[in-house]
Amino acid sequence: MRIVRRVTELRLALHDGRRGLVPTMGAFHEGHLSLMRAARAQCEQVVVSLFVNPAQFGARDDMGRYPRDEERDASLAEEAGVDVLFVPSPQEMYPEGFDTWVDVDATGGEARARPGHFRGVATVCLKLFNLVRPDVAFFGQKDAQQVAVLRRMVRDLNVGVHIRVLPTVRDAAGLALSSRNAYLTEAERQRALGLPRALEAGRTAHDPVAAARAALNGLEAEYVELLDVDGATLLTAAARVGSTRLIDNVIVEGELA
Ligand code: PAF
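Everything in this summary refers to the structure shown in the same document.

Let us look at the state of the cysteines. For the coordinates displayed, the defined rule picks out zero disulfides. For cysteine 43, which is in no disulfide, the shortest distance to another cysteine sulfur is to cysteine 125 and amounts to 16 Å. Of the residues examined, cysteine 43 reaches a relative accessible area of 7% and is grouped as buried. The class for cysteine 125 is buried, based on a relative accessible area of 4%.

Before going further, it helps to examine the site of the ligand. The immediate surroundings of the ligand are formed by Pro23, Thr24, Met25, Asn53, Gln56, Val121, Val124, Cys125, Phe139, Asp143 and Gln146. With respect to the ligand, the side chain of glutamine 146 contributes an N or O atom lying 2.7 Å from an oxygen atom. Look at the ligand: alone it shows 290 Å² of surface, and the protein chains cover 88% of it. For the shell around the ligand, the secondary structure elements donating two or more residues are strand S2 (19-24) and helix H6 (117-132). A total of three residues in the shell around the ligand trace back to one element, the largest contributor, which is H6. Among the residues making up the shell around the ligand, the classes are represented as six nonpolar, four polar and one charged.

What follows is about the pairing of S2. For S2, the buried fraction is high: six of the six residues fall into the buried class. Because side chains alternate across S2, one face comprises the buried residues Arg19, Leu21 and Pro23, and the other comprises Gly20, Val22 and Thr24, equally buried. The sheet contact formed by S2 and strand S3 (residues 45-50) spans six bridges and is parallel. Counted as the bridge partner of valine 22 is valine 48 from S3. Here S2 pairs with strand S5 (residues 136-140) via two bridges, running parallel. Following the sheet pairing, glycine 20 is matched in S5 by valine 136.

A word on the sheet that holds strand S6 (residues 162-166). Within a sheet, each strand pairs with its neighbour through backbone hydrogen bonds, oriented either parallel or antiparallel. Across the sheet, six strands lie side by side as S1-S4-S3-S2-S5-S6; this open sheet has parallel pairing. Sheet topology places strand S1 (2-4) and S6 at the edges, where each strand pairs with a single neighbour. Put simply, the sheet's adjacent strands are angled 25° from each other on average, direction ignored. Pairing of S3 with strand S4 (residues 84-86), which is carried by three bridges, proceeds in the parallel orientation. From the neighbouring strand, serine 49 faces S4, where its bridge partner is phenylalanine 86. Packing against the sheet, helix H7 (residues 144-156) makes contact with S5 and S6, and its axis sits at approximately 165° to S6.

Our next topic: the pattern of salt bridges. Across all of its chains, the model carries 19 salt bridges by this definition. Note that glutamate 110 is salt-bridged to arginine 245, the shortest N-O span being 2.8 Å. Of the two residues, glutamate 110 sits in helix H5 (residues 109-113) while arginine 245 sits in strand S9 (residues 244-253), which places them 135 residues apart along the sequence. A salt bridge links lysine 142 to aspartate 143; the nearest nitrogen and oxygen atoms lie 3.6 Å apart.

Right, let's get into the nonpolar core. Core analysis: the largest hydrophobic core is formed by 42 residues, its most contacted members being Leu10, Phe86, Met93, Phe129, Phe139 and Met153. For this core, the elements supplying multiple residues, two or more each, are helix H1 (7-13), S4, H6, S5, H7, S6, strand S7 (221-229) and strand S8 (232-241). Looking at this core, the element that brings in the most residues is H6, giving ten residues. Counting 21 residues, the second-largest nonpolar core is a separate cluster that includes Leu35, Leu85, Val87 and Val136.

Parameters at a glance
Residues numbered from 1 in each chain as written. Predicted model: local features only at pLDDT ≥ 70, side-chain atom pairs only at ≥ 80, totals over all residues. Heavy atoms only, no water. Disulfide = S-S within 2.5 Å. Buried < 20%, exposed > 50% of the residue type's maximum accessible area, 1.4 Å probe, protein only. Near = heavy atom within 4 Å. Polar contact = N/O pair within 3.5 Å; in protein donor to acceptor, adjacent residues only side chain to side chain. Areas by Shrake-Rupley, 256 points an atom, 1.4 Å probe, with all protein chains shown as cover. Helix = DSSP H or I, 4+ residues; strand = E, 2+ residues; numbered from the N terminus. Nonpolar A, V, L, I, M, F, W, Y, C, P; charged D, E, K, R; others polar. Pairing = 2+ DSSP bridges. Axes fitted to C-alpha atoms, helices over the stretch in contact; angles between N-to-C directions. Contact = heavy atoms within 4.5 Å. Salt bridge = Lys/Arg side-chain N within 4 Å of Asp/Glu carboxyl O. Core = buried A, V, L, I, M, F, W, Y, C linked by side-chain atoms within 4.5 Å.

Treat this as a map of the structure, not an account of what it does.
See the structure below:
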């Protein structure tokens, strides 16, 4: 596996053939690794980007304490069969004078709760798509609203990449894996389980939102709502547990391919 930090090096590391991109912010867990393995199985060249994107963190967000361990990430990526790990600096991605932003008109809980977040996500992903020129880019279902925004962008701007979504990976108790789970104490982790349990209660109910809200077991949700992603209906929710903000969702109807 080659680790490249500069756009010029990245360009030289790309070769012909079906190319897969897994955009990440590092702190790899099984969710990331499942995307890398799927990319490995489906593509001739697998590129993973590792970039904690300042543009998608708001003033109230936790960028300073976002977990970082490049050495560990690099060895996990290599084991998963990644060919190129792109680890740019903020200056490489946003050089002085950078002033072009992609603003997808997103609605929904995450867009309301984190103003400017999806502008940062869409901008960095479009840059990554232009730099890597992947045939397929892989994302996890946990970030379904992000997927909806990126699919909108890809359609609206005629970007030639297929956005592939893979199921959320959960721990044995049902908590969706997230780099932010590292912040939870054991007691908070137990409380956090209220989120997947509430969504599970809502999944098959006649009124999924009401059933999930009723099953929150004292956990205070920022939102619980239905989201349509390309014909699939998802029950989505976010909750703060201590100082950690968690998101999760389940499919109530249809399929996310
Ligand atoms: O899902 C993430 O980790 C990030 O939002 C992404 C897609 C890598 C963009 O920075």
